[in-house]
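# Analysis of the macromolecular model
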Amino acid sequence: MADKKDAPRETPSGIPISPVYRPGDVTADYSRDLADPGVFPFTRGVQPSMYRGRLWTMRQYAGFGTAQETNARFRHLLAAGQTGLSVAFDLPTQMGIDSDSPRALGEVGRVGVAIDSVDDLAMLLDQIPLDKVSTSMTINATASTLLAMYVVVAEERGIARSALSGTIQNDILKEYISRGTYVYPPQPSLSLIAETFRFCAAEVPNWNPISVSGYHMREAGATAVQELAFTFANGLTYATRAIEAGLAVDEFAPRISFFFACHNDLLEEVSKFRAARRIWARLMRERFNANDSSCKLRFHTQTGGVTLTAQQPLNNVVRVAVQALAATLGGTNSLHTNGYDEALSLPTSEAATLALRTQQIVAYESGVANTADPLAGSYYVEALTTELETRALELLLRVEELGGSAKAIEAGFFQEEIGKSAYAFQLAVERGDAVIVGLNKFEDGKEAPVIPLPDYSKLEGEQVARVKLLRAKRDSKRVTATLTSLAAAAPKVGTAAGQLMPLIIDAVRARATVGEISDTLQGAWGAYRPH
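Below: a short report on this structure. (Residues numbered from 1 in each chain as written. Predicted model: local features only at pLDDT ≥ 70, side-chain atom pairs only at ≥ 80, totals over all residues. Heavy atoms only, no water.)

## Notes on the overall build of the protein chain
For clarity, the threshold we go by: Helix numbers and strand numbers start at the N terminus; a helix is a DSSP run of H or I with at least 4 residues, a strand a run of E with at least 2. Based on C-alpha atoms, the radius of gyration is set beside the globule rule, defined as 2.2 Å times the residue count to the power 0.38. Type-normalised accessible area, obtained with a 1.4 Å probe on protein chains alone, sets the label of each residue: buried when under 20%, exposed when over 50%, and partly exposed for intermediate values. The accessible surface values rely on the Shrake-Rupley method and a 1.4 Å probe; as for residues, cover is taken only from the protein chains in view. Neither His nor the chain ends contribute to the count of charged residues, in which Lys and Arg are positive and Asp and Glu negative. By convention, charge coordinates are those of NZ in Lys, CZ in Arg, CG in Asp, or CD in Glu.
Looking only at helices and strands, the protein chain has 21 helices and 11 strands in total. At 23 Å, the protein chain has a C-alpha radius of gyration in line with the 24 Å of a compact globule built from 531 residues. Overall, the protein chain is about 80 × 55 × 45 Å in size when its C-alpha atoms are taken along their principal axes. Expressed as a percentage of the 531 residues in the protein chain, the buried residues total 56%. When the accessible area of the protein chain is evaluated, it comes to approximately 21,600 Å², of which 54% is carbon and sulfur surface. Taking the 52 positively charged and 59 negatively charged side chains of the protein chain as two groups, their mean positions are separated by 3 Å.

## Some details on a nonpolar patch on the surface
Inclusion rule: Here, patches come from residues exposed beyond 30% relative accessible area and free of salt bridges, joined within 9 Å for like charges and within 5 Å for nonpolar side chains (Val, Leu, Ile, Met, Phe, Trp, Tyr). Salt bridge criterion: a side-chain nitrogen from Lys or Arg within 4 Å of a carboxyl oxygen from Asp or Glu.
On the surface, a nonpolar cluster with roughly 280 Å² of combined accessible area is contributed by Val435, Val437 and Phe442. You can see Val435 is positioned in the loop between helix H17 (413-431) and helix H18 (457-473). In this structure Val435 comes out as partly exposed when scored by relative accessible area, which is 46%.

## So, the pattern of salt bridges
Taken as a whole and judged by the stated rule, the model has 33 salt bridges. A salt bridge links Arg285 to Asp292; the shortest N-O distance between them is 2.5 Å. With relative accessibility at 37%, the residue Asp292 sits in the partly exposed group. Its salt-bridge partner being Lys420, residue Glu417 comes within 3.7 Å of it at the nearest N-O pair. Taken together, the residues Glu417 and Lys420, both in helix H17 and 3 residues apart, mark about one turn of the helix. Taking the relative accessible area as the measure of exposure, Glu417 reaches 13% and is therefore buried.

## Notes on the packing of helix H5 (residues 143-156) against helix H20 (residues 501-509)
Applied cut-off: Axis definition: a line fitted to C-alpha atoms, over the contacting stretch in the case of helices. Angles run 0 to 180 degrees between N-to-C directions. Angles below 35 degrees are treated as roughly parallel, those above 145 as roughly antiparallel, those between 65 and 115 as roughly perpendicular, and all remaining angles as oblique. When the near helix sits turned anticlockwise from the far one by under a right angle, the crossing is termed left-handed; a clockwise turn instead gives a right-handed crossing. Any two residues whose heavy atoms approach within 4.5 Å are treated as being in contact. Only Asp, Glu, Lys and Arg are considered charged, only Ala, Val, Leu, Ile, Met, Phe, Trp, Tyr, Cys and Pro nonpolar, and every remaining residue, Gly among them, polar.
Contact pair H5 / H20: the axes reach a minimum separation of 9 Å and the direction vectors enclose 60°. Overall, the two elements H5 and H20 adopt an arrangement that is oblique. You can see that H5 and H20 cross each other, and the crossing is right-handed. Residues Ser144, Thr145, Leu147, Ala148, Met149, Val151, Val152 and Glu155 of H5 pack against Met501, Ile504, Ile505, Val508 and Arg509 of H20. Here the residues of the contact of H5 with H20 are counted per class, giving 9 nonpolar, 2 polar and 2 charged.

## Quick notes on the pairing of strand E8 (residues 210-213)
Inclusion rule: Pairing between two strands is assigned when DSSP locates at least 2 bridges connecting them.
The two faces of E8 match: Ile210 and Val212 on one face and Ser211 and Ser213 on the other face are all buried. Where E8 lies against strand E9 (residues 256-262), 4 bridges are found, and the strand directions are parallel. Within E9, the position partnered with Ser213 by the bridge is Phe259.

So this is what it looks like as structure tokens:
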């Protein structure tokens, strides 16, 4: 009998938790809802042997001011055992603004690496074997340009496009919802995304042309249920747009990837990842009659940035370890673990290495990689997996009743729902109902450490000089010709006459900058202004 003093409990998503779970609480049928790993609906994993066959990709996210600094960090992490790259870009690069623009003043290199031209990207990737290392680039509005630059860097090294592997985030819908690094209005942006799908399917078959991201919505305050529902609403929008552009679902869907957060409630997070695979598999089969390869949900996970505290920052080592364990128990395909000092500054080399070591200890010492889906059959995990699926699908239906993601964004639905959840969580923290060790319980009375910010002015000056030198040295007539061709085709994007990727690649080869390409497209499409 449960202790009468035991207050009702619920997960962070508001799902009630029983004091004990029994066989009758599990409604999932094994063959219909679970099945073996590698078998539809892939609840237990997309590969039959999971980590026994191959461990998840250990992909640490990094970007520091200049291409040279970031290249040094990448090479350090690769030498330490990292198995994939993940690039953070500064805000001007993300927003399609060159470093020498007045609009970039004070932002160059501050939250990631500054990339203005293909020469910068070549420096970033110096001595890194692009035909052997997978690269993920967190870039959205300007994703097509950065992909073009990556292709040209490889081309100028004699590496075939077919040998390249990696991911561009390219998820503009979540930018309108929760992050803000958008440039163009939704409709041409969606057409440009469909164009990158077409290009990758034809030219770069091992590249993921999109990483549909729940992570940033979770960082903005979404619950696990909202993260699932809103991510899949966006994923369905991208798939539908690609089909409308003339692509067959099985041409592009196997290369759609996803990006989820992992927070501290270990068993809700494990159940979330299992539910995610089942939801996506069924949506793709039911909506598009997709084949098994297209129904497999492949996803990258990052530990929760918003869960890190500036107070008692070493506590974050434990939080990250718990989150890494949840991600791997949930069957992630790729993982980034945050540095313990990221609530204070960009991670130090020491913190980044420890974060990588956390993954390696989970992989090689914890035993979780020895069998696929080791928590399957847990009465609680199976009941929670089903409840998360049910609630996420109910919320997804509300989005579809509004007309889908684009219309729901225009109506402010996503933003309002996430805002309510964020506010409710903040109130729970302030009341002490949600315990954060070192912040609202077990405080030590010490002030959070203050890390002095580096002086970015010299870095900015050097990057501005690089852009000006590039403009002076390049063939300006060739640049103008390529941008003119791009401007003429941009209004036709989404049609056979509007295949923009070859034209963007031509402009990149000519040493057109990120800002010049962005301005050209903005001239044709305008800029997005939220209502």
